[in-house]
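Given next are the chains, with one letter for each unit.
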Amino acid sequence: MSQLFDYEKQREAESAAKVRALEALLIEKGVIGSDSVDTVLAHFETVAGPFNGAKIVARAWVDPEYKARLLADTPKAIAELNLAQGMDGAEGEHMLAVANSPEVHNLIICTLCSCYPWPILGLPPYWYKDPVFRARGVREPRAVLREFGVPVSDDTQVKVWDSSAQIRWFVVPERPAGSEHLSEAQLAELVTPESMMGVALIELPAA
Amino acid sequence: MKLQHYLGGLENLGPVDFEKQVFVQEWEKRIFGIHTTMMAESAHLIDALPRYPMDTLPTAFKSDWTWASLRTGAEGMQPFEYFKFRYYEKWLGGISGFFVDQGYINGDELKSRADFYRQQPDAPLPDKPSAPIREQIVRYLLEGDSGLRPYAGTALFAEGDSVTVADPVAVDHTRLPGYLRCKSGKIVEVYPGAYAYFVNTGPDGIGEPMPVYRVVFDAADIWGEEKSEPNTMIYADLFEAYLVPPK
């Protein structure tokens, strides 16, 4: 975290105590169950997470016709795969995929808050929620991408997608060169949430 | 203008924070879980897609709580306060404030219980599981809450139309990114059907079902030729109320 949020332990301890007090009171008053919060968190361990997105991308890489279907009708193509139930559930009701290529680099952002495609990527990382990213991503995407380690030339078109309504956008990153020998499962292991928002390239494992 | 709606485009802010964790403190997970439980228990879901059986859910929570509720709390803050608090601190402040304002808990008991846990951080939570609430949480996460609704009207715009973004009164909460106000773009997609929003935003204009459009903007038309990167397009999904009607 940047120094801006290097809080004293005191401030964190007070927040921790306050949220624990809140949870306790809500349980006592029957507003939530004592298992409610853990039920939510478990969903993002086992059902909704980047492991789903990784499988979608790996399939798109090995099967160009699948990739075309994914771009033409994203929900239908996702439903083809053997993923958990709920891929069109909360924050995934209306997901759409866009593909990176040598000609086009896509960057996903939510300048108003942190809208993110939960079923296939889980919960958003802090960089995506960062007001500096939200501010700069729409104004100087290539400068931001350079800071992320992704060089994009002026000859490549950059498309920035601001998730301001119902659509939850995600990116199909380019398959890395030299990955021809990898299986679909091995390819899935290379896919990161950052690559599916457009701020990272896929890296091959060190030889 | 309302600063929280104008983050897009602010300049001279220094480097992005590259933190990849979703939560940087354990306590943040708890407020996230409380918020999501509230959304799963929200009274408005009785009219949602699908219709959830909110009238029979055994919970003391009888309020509406949606993304709009959470966002309004954050966006309604005095702007300089907004930037003092980290992401989930804003959630904790807004949600605990909501429960006090709505009378579910009172401020004194929250404070004294927080003092107790401050002294004894590992003291247990009460043990009162609820299978029906747990099932509703799972169902809500699996089935969602789409804003798609039947629409008897016709879309004002068609694919290919040039449009100008509107400039409505600044209210606490909006889905119109400030940097797009009064800018000119082109419709690239008319989404089928119409979308409601969780709340009516009053003079801001959204709430009742209306068409939504995918609008593309040339970055140069938003920031000016000299202050935009070349060969850059910005796409935004905009409710019909956010576009100036055709003459």
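Not measured: the values here are computed from a predicted model.

Colleague: Got a sec to walk through the overall build of chain B? Specific residues and values, please.
Modeller: Scanning chain B from N- to C-terminus turns up seven helices and six strands. Along chain B, helices and strands appear, N-terminal first, in the series α-α-α-α-α-α-β-β-β-β-β-α-β. Here the C-alpha coordinates of chain B stretch approximately 60 × 45 × 30 Å along the principal axes. Scored against the burial criterion, the 247 residues of chain B give a buried share of 39%. When contacts within chain B are restricted to residue pairs at least 6 apart in sequence, those whose partners lie at least 24 apart make up 66%.

Colleague: Account for the overall build of chain A, naming residues and giving values.
Modeller: The number of helices and strands found in chain A is ten helices and four strands. The linear arrangement of helices and strands in chain A, starting from the amino end, is α-α-α-α-α-β-β-α-α-α-α-β-β-α. Along the first, second and third principal axes, the C-alpha atoms of chain A reach 55 × 40 × 40 Å. In chain A, buried positions account for 56% of the 207 residues. When contacts within chain A are restricted to residue pairs at least 6 apart in sequence, long-range pairs at least 24 apart make up 74% of them.

Colleague: How would you summarise the sheet that holds strand E6 (residues 232–239) of chain B if you had to cite specific residues and measurements?
Modeller: Pairing is mixed across the open sheet formed by six strands, whose spatial order is E2(A)-E3(A)-E6(B)-E5(B)-E3(B)-E2(B). Bordering the open sheet on either side are strand E2 (104–109) of chain A together with strand E2 (162–164) of chain B, each of which pairs with just one other strand. When the angles between neighbouring strand axes are averaged without regard to direction, this sheet yields 35°. Pairing between strand E5 (residues 212–218) of chain B and E6 of chain B: seven bridges, direction antiparallel. Looking across to E6 of chain B, one finds that Tyr213 of chain B is bridged to Leu238 of chain B. Contacts from helix H8 (residues 131–139) of chain A reach E2 and strand E3 (157–162) of chain A together with E6 of chain B, with the element oriented near 150° to E2 of chain A.

Colleague: Describe the packing of helix H3 (residues 50–62) of chain A against helix H4 (residues 64–72) of chain A, listing the residues and the values that go with them.
Modeller: Residue and element names in this part refer to chain A. Running from N to C, H3 and H4 point in directions that differ by 125°, and their axes come no closer than 5 Å. By the criterion of interaxial angle, the relationship of H3 to H4 is oblique. Contact residues: Ile56, Arg59 and Ala60 in H3; Tyr66, Lys67 and Leu70 in H4. Of the residues in the contact of H3 with H4, the class split is four nonpolar, no polar and two charged.

Colleague: Can you break down the domain arrangement of chain B residue by residue, with the values?
Modeller: By a widespread convention, an interface's size corresponds to the accessible area lost as its parts come together. Residue and element names in this part refer to chain B. Structurally, chain B comprises domain 1 (3–146) and domain 2 (149–242). The partner domain 2 presents ten residues to the eleven residues of domain 1 that form the contact. A class-by-class count of the residues in the side of domain 1 that touches domain 2 yields three nonpolar, six polar and two charged.

Colleague: Give a detailed account of the interface of chain B and chain A, specifying residues and quantitative values.
Modeller: Counting residues at the interface gives 80 residues for chain B, matched by 75 residues for chain A. Residue assignment for the side of chain B that touches chain A shows that the elements contributing at least two residues are helix H1 (26–41), helix H4 (87–101), helix H5 (107–119), helix H6 (131–143) and E6 of chain B. Looking at the side of chain B that touches chain A residue by residue, the class counts come to 43 nonpolar, 17 polar and 20 charged.

Colleague: Hey, could you go over the domain arrangement of chain A for me, with residue numbers and the actual values?
Modeller: What the domain assignment reports for chain A is domain 1 (12–44) and domain 2 (49–190). The straight-line distance from the C-alpha centre of domain 1 of chain A to that of domain 2 of chain A is 32 Å.

Colleague: Go over the environment of Ala13 of chain A with me, naming the residues and quoting the values.
Modeller: Residue and element names in this part refer to chain A. Note that Ala13 resides in helix H1 (residues 9–28). For Ala13, a count of 16 C-beta atoms within 10 Å translates into the label partly exposed. Between the C-alpha atom of Ala13 and that of Val138, which follows or precedes it by 125 residues, the distance is 36 Å.

Parameters at a glance
- Residues numbered from 1 in each chain as written.
- Chains lettered and ligands numbered in written order.
- Predicted model: local features only at pLDDT ≥ 70, side-chain atom pairs only at ≥ 80, totals over all residues.
- Helix = DSSP H or I, 4+ residues; strand = E, 2+ residues; numbered from the N terminus.
- Buried ≥ 20, exposed ≤ 12 C-beta atoms within 10 Å, placed from the backbone.
- Contact = placed C-beta atoms within 7 Å.
- Pairing = 2+ DSSP bridges.
- Axes fitted to C-alpha atoms, helices over the stretch in contact; angles between N-to-C directions.
- Parallel < 35°, antiparallel > 145°, perpendicular 65-115°, else oblique.
- Nonpolar A, V, L, I, M, F, W, Y, C, P; charged D, E, K, R; others polar.
- Domains from an automatic or database assignment.

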